[in-house]
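In case you want the letters, here they are:
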Amino acid sequence: MTSDAAPARPRFLLSAYAASPAHGRWDPDLEGELLPALVALPDVVGLEVPWMGALHPHDPDWFLRHIPAGTRLAVTPLPFIMGRCAADPTYGIASPAAAGREAAIADLRRLAADVRTLREASDADVAVVALHTAPRGGADAIALAASLTEIAGMDWDGAELVIEHCDALVPGQPFEKGFLPVGEELAVIAATDVPIGLWLNWGRSAVELRDADAVTAQIAEVAASGRLRGLVFSGTAGTDGLYGAAWSDAHLPLLAAEPDSGSLLDDAHVRAALAAAGDVPWLGLKVSRRAHDTTAADVVGTISRNLDLVRATWDAGDRARDGVVVEAGVGDDWQPGTDEIVDATTIAGPDALLTPGMVDIHNHGGAGSAYDEDEAGIRRALAAHARHGVTRFVLSLVSAAPAPLLAQVDRIGGMAAAEPGILGVHLEGPFIDHGHCGAHDPAVLRAPEPVELDALLATGLVRQVTLAPELDGGLDAVRRIAAAGAVAAVGHTDADVDITTQAMDAGATLLTHTFNAMPPLHHRLPGPVGAALTDERMTLEVIADGRHVHPDVVRMLFAAAPGRVALVSDAMAGAAAPEGEYMLGTLAVTVADGAATLRGTDVLAGSTLTLDQAVRNAVSWGIPLAAAVAAATRVPARAIGRGDLGRVAPGSRADLVLWDADLTPRAVWRDGERLPLSPDEGGV
């Protein structure tokens, strides 16, 4: 890599081709006016330009004469690569097909020659050359490793090489590029030990993750690796709009620059991204021109409005706010840059422990209330679990008839904006097996029907759906759920290993309360548990109350699926409440001796577990503390696509729990705000 260190001022590289009115046609007068005007903007040191098999898509000699002196260039062959991929689906430096990989390597040799020509024949400097892990939908890490070693050995005349991460292939989800996941790109770079960094584009990461909040965590992940060399601000939208279809790589502006754009890239996400990136050497801005931008002055005005918004955030020094972690460190020598220091020992005593806030992705209620009740009851239950260290919730609803179920989802949606702890809704049923219905009303169970499912998903609140994939339409429902960006979970099912595997291939990534309400694990009939244990795509929920699953089996589960077990409470209204009579949906439940059962039976009806008790139980059963904490924080957050939760790292949400030596929460923060630990202190 070059020696470019983090600058005292931001150094911007502006995309000169995405914004140009002459991008699709040749207008030398317009481009000759535009290029120097862009470079003249404040804090702009250079331009991103495309390589289309030549230095310029229309006239390379003209470009060499007219590129402004001293301009630093980032050269991207991505438009050229996309054209080659369309003609040959095996084309790319990460192609397992030898011919496709060799063709891509040959093109990069031509690009390297053009980089040398550009430096020799112009007054510009090539600072960065972008690489891309094509082919689309079929990239291979082993092939990439071979290519990177070869590419790093080419003569790039001092230019820095970076992999520009584009949206990765996600099972069951349409893709724009469909290249390798960022984790694999980082792993290959590390394994080959090549001097290659990584470049992130905010919009492309959002397209991949289908969640604007999750982009911050991806930025933080790459920054933590030490390989982040550039961060480009470019927007996308979650719905169809002025710039095209939802989740398209259309280079939308910042929302504040064009409120009608529907862009997800708002001021809060810019702040969070800058905080997560830290001292990144390069910043970029890639914004499409507006339809009525026909002159160079029009384009410069559009770019300038967006650029000023990012610069203002930088200049304000506001990267430490908005509820994200800005710094993390250990040891006596670490001095955090903050105005307030909290003494953990004063609050929690000796051997205090600080962890991320816990994330409960399967929780039906508590403190006497369930999430199918009114808003006051929902808030009461949320507050009770927050006092036990849960900072984020997926609110679980039991099976109900179509109209009441949709009304329950809408009610939660009406209060979600004012309740930052709510991540969405978990529909546990009604698309489940009668023979494994547990504490669900058999009268309302049904096979998934597309119209009803689509109506529920269209609310935008549904984060996960538990269903039995063997039902009529079950596998299609899994695909619809995954395509909508929600989590498809296998549970309350009679599926065998083959059906479960088909569900996973269709997009299912979660097993609901493992071992409960499903066929048991058998040495000749592995069932859903065996299928999930052997598939790295799956996260496995477990209720660690000592009743739903034997402690020895919980310990075996952690050993068999390290890093993939999520502790869940499956709490019902009787959690954090006196024993007595409660309702779970339409069914009466008795809570006695700490167990919740359907009235007059021994059928378990959720639990009275709180997630802090689940952590204490797991540790007491011999599970390492770090693994138990991860199972209540990072693992469930990752399972629902929220990489900005469940971690204490720059760019993550500032959700924290301070525990005492007995693993009892003594202080809880969400988004950097301390929450009350007793009902007398107020709501959450």
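Below or above, wherever it landed, is the structure these notes cover. Bear in mind that the values here come from a model prediction, so they are computed numbers and not experimental data.

Considerations on the pattern of salt bridges
And step 1. Summed over all chains, the structure comprises 34 salt bridges.
And step 2. Across the pair Asp535 and Arg537 runs a salt bridge, and its minimum N-O distance is 2.7 Å.
And step 3. According to the relative accessible area criterion, Asp535 is buried, its value standing at 13%.
And step 4. For Arg537, a relative accessible area of 34% translates into the label partly exposed.
And step 5. As a salt-bridge pair, Asp552 and Arg555 come within 2.6 Å of each other at their nearest N and O atoms. Here the residue Asp552 and the residue Arg555 both occupy positions in helix H18 (residues 551–560), the gap between them amounting to 3 residues, near one helical turn.
And step 6. Accessibility expressed as a relative area gives 37% for Asp552, which makes it partly exposed.

Looking at the sheet that holds strand E24 (residues 665–670)
And step 1. With antiparallel pairing, the 4 strands of this open sheet are ordered in space as E9-E23-E24-E25. Each edge of the open sheet carries a strand with a single partner, namely strand E9 (353–356) and strand E25 (673–675). For this sheet, the mean angle separating the axes of adjacent strands, direction not counted, is 25°.
And step 2. Sheet analysis places strand E23 (residues 656–659) next to E24, joined by 4 bridges and oriented antiparallel. The residue of E24 that forms the bridge with Trp659 is Pro665.

Considerations on the environment of Trp26
And step 1. Mapped onto the elements of the fold, Trp26 is located in the loop between strand E1 (12–15) and helix H1 (28–39).
And step 2. Remark: the alpha-carbon pair of Trp26 and His58, spanning 32 residues in sequence, is separated by 6.5 Å.
And step 3. Trp26 has contacts with Glu31, His56, His58, Asp59 and Trp62, leaving out every residue within four places of it along the chain.

Rules and cut-offs
Residues numbered from 1 in each chain as written. Predicted model: local features only at pLDDT ≥ 70, side-chain atom pairs only at ≥ 80, totals over all residues. Heavy atoms only, no water. Salt bridge = Lys/Arg side-chain N within 4 Å of Asp/Glu carboxyl O. Buried < 20%, exposed > 50% of the residue type's maximum accessible area, 1.4 Å probe, protein only. Helix = DSSP H or I, 4+ residues; strand = E, 2+ residues; numbered from the N terminus. Pairing = 2+ DSSP bridges. Axes fitted to C-alpha atoms, helices over the stretch in contact; angles between N-to-C directions. Contact = heavy atoms within 4.5 Å.

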